[in-house]
Amino acid sequence: MTVGIVVFPGSNCDRDVRWALEGCLGIPTRFLWHEEQDLAGIDAVVLPGGFSYGDYLRCGAIARFAPVLEAVRTFAEAGGPVLGICNGFQVLTELGLLPGALTRNRDLHFLCQPAKLSVYPGTCRWLREYAAEEAISLPIAHGEGRYQVDPGQLITLEEAGQVVLRYADNPNGSVGDVAGLSNARGNVLGLMPHPERACDPALGGLDGRRLLAAALG
Amino acid sequence: MPLFQARVLVSLRPSVLDPAGEATRAAAARLGVEGVKRLRIGKAIEVELEAPDRNEAQARLELLGDRLLANPVIEDWSLEFSEQA
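Structure report, in brief. (Residues numbered from 1 in each chain as written. Chains lettered and ligands numbered in written order. Predicted model: local features only at pLDDT ≥ 70, side-chain atom pairs only at ≥ 80, totals over all residues.)

### Looking at the overall build of chain B
Link 1 in the chain: Each helix and strand counted, chain B has 2 helices and 3 strands in total.
Link 2 in the chain: Counting from the amino terminus, chain B carries its helices and strands in the arrangement β-α-β-α-β.
Link 3 in the chain: A compact globule built from 85 residues should have a C-alpha radius of gyration of about 12 Å, whereas chain B, at 16 Å, is more than 25% larger.
Link 4 in the chain: Expressed along its principal axes, the backbone C-alpha trace of chain B runs to roughly 50 × 25 × 15 Å. (Helix = DSSP H or I, 4+ residues; strand = E, 2+ residues; numbered from the N terminus. Rg over C-alpha atoms; globule rule 2.2 N^0.38 Å.)

Structure below.
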């Protein structure tokens, strides 16, 4: 069991994710440089937070063309578990593995604070250890986390149970209070909050542990 | 091969909130400029492209606009073609 952690030029939560998985949960990891294309031996993929290629043009727009992401797309389409955190969520939307887009926060501020969330696990494999409508708290740290999708498609996503994480107190203006979104199959999850920063009691919360632990099996 | 010059204008779709535009509109009022009812910020991307002919140049620029320069989920784009350089 090995979790691949994609590293773009500008990723800065890659080592946090490694620490959370290996140090806190005992799950082996391997860094996947953005030019790699071989995912042999990888059982789950995490796209970590930070930045990617300077996020020129739009967040995640350049990263979409990284060689490793073609392999990640194939992996996801075959049912492999893929988790996109923060910039990783932005990349997943640009890549088309998740619908919608992430835009500038409503109040223009970079937000770095705890966020109260409600979990709607549905069929999302990453959230299977959480109870329906469970209230949790995870840190957020983003300037462009306002989820945007057209109203009709939002209803479709809600009806399909793909809106799996909602803000209790919407900090950034996301439509539908969307904090995290799953694909229809449930193997791909994108979220703006940082579960890897809530896996160690020293950091003030453990609500992220069950999410990252779901990479196993 | 002929060189074509174009400008791709990318704007947020009307339904998408533009907080940076709103902040700038508020600053316009503070500057004392009255009557600014709407201010939306987009991008202008200048492109020079070599292509065998204008149709081919147009096709490539449209691909660029659709697939890279704009995200159709949140943005509209338009193309201003200059004459051949």
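### Let's talk about the overall build of chain A
Link 1 in the chain: Across its full length, chain A carries 5 helices and 11 strands.
Link 2 in the chain: At 15 Å, chain A has a C-alpha radius of gyration in line with the 17 Å of a compact globule built from 217 residues.
Link 3 in the chain: Dimensions of chain A, computed from C-alpha atoms along their principal axes, come out at roughly 40 × 40 × 30 Å.
Link 4 in the chain: With 217 residues in all, chain A has 53% of them scored as buried. (Buried ≥ 20, exposed ≤ 12 C-beta atoms within 10 Å, placed from the backbone.)

### A few points about the sheet that holds strand β2 (residues 43-50) of chain B
Residues and elements named next belong to chain B.
Link 1 in the chain: Taking strand neighbours across the sheet as the criterion, the 3 strands line up as β2-β1-β3 in an open arrangement whose pairing is antiparallel. Because the sheet does not close on itself, it has two edges, and the strands there are β2 and β3 (75-81). Averaged over neighbouring strand pairs, the angle between their axes works out to 25° when direction is ignored.
Link 2 in the chain: Relative to β2, strand β1 (residues 3-12) runs antiparallel, the two being bridged by 8 bridges. Across the sheet, Gln-5 pairs through a bridge with Glu-48, a residue of β2.
Link 3 in the chain: Running at roughly 30° to β1, helix α2 (residues 54-69) makes contact with β1, β2 and β3 of the sheet. (Pairing = 2+ DSSP bridges. Axes fitted to C-alpha atoms, helices over the stretch in contact; angles between N-to-C directions. Contact = placed C-beta atoms within 7 Å.)

### As for the nonpolar core
Across soluble globular proteins, you tend to see nonpolar side chains buried next to one another.
Link 1 in the chain: Residues A:Val6, A:Val45, A:Val72 and A:Val164 are the most contacted members of the largest nonpolar core, which totals 70 residues.
Link 2 in the chain: Among the elements that line this core, the one with the most residues is helix α2 (residues 67-77) of chain A, at 6 residues.
Link 3 in the chain: Of all hydrophobic cores here, the second largest spans 7 residues; its members include B:Phe4, B:Val8, B:Ala57 and B:Leu69. (Core = buried A, V, L, I, M, F, W, Y, C linked by C-beta atoms within 7 Å.)

### Some words on the interface of chain B and chain A
Link 1 in the chain: Facing 8 residues of chain B, the contacting portion of chain A comprises 11 residues.
Link 2 in the chain: Class assignment for the residues of the side of chain B that touches chain A results in 7 nonpolar, 1 polar and no charged. (Nonpolar A, V, L, I, M, F, W, Y, C, P; charged D, E, K, R; others polar.)

### Overview of helix α3 (residues 87-95) of chain A
All names here are of chain A.
Link 1 in the chain: Here α3 lies mainly inside the structure; 9 of its 9 residues are buried.
Link 2 in the chain: Buried residues belonging to α3 abut β3 (44-47), α2, β4 (82-85), β5 (101-103) and β11 (188-191).
Link 3 in the chain: Positive backbone phi, at 85°, marks Gly-96, one or two positions downstream of α3.

### Some words on the environment of A:Leu47
Residues and elements named next belong to chain A.
Link 1 in the chain: The residue Leu-47 is located in strand β3 in this model.
Link 2 in the chain: In sequence terms Leu-47 and Pro-193 are 146 residues apart; their C-alpha atoms lie 13 Å from each other.
Link 3 in the chain: Apart from the residues lying within four places of it in its own chain, the contact partners of Leu-47 are Val-6, Gly-84, Ile-85, Gly-88, Val-91 and Leu-92.

### Digging into the environment of B:Glu75
Link 1 in the chain: Tracing the sequence through the fold places B:Glu75 in strand β3.
Link 2 in the chain: Between the alpha carbons of B:Glu75 and B:Ser11 there is a distance of 5.5 Å; along the sequence they are 64 residues apart.

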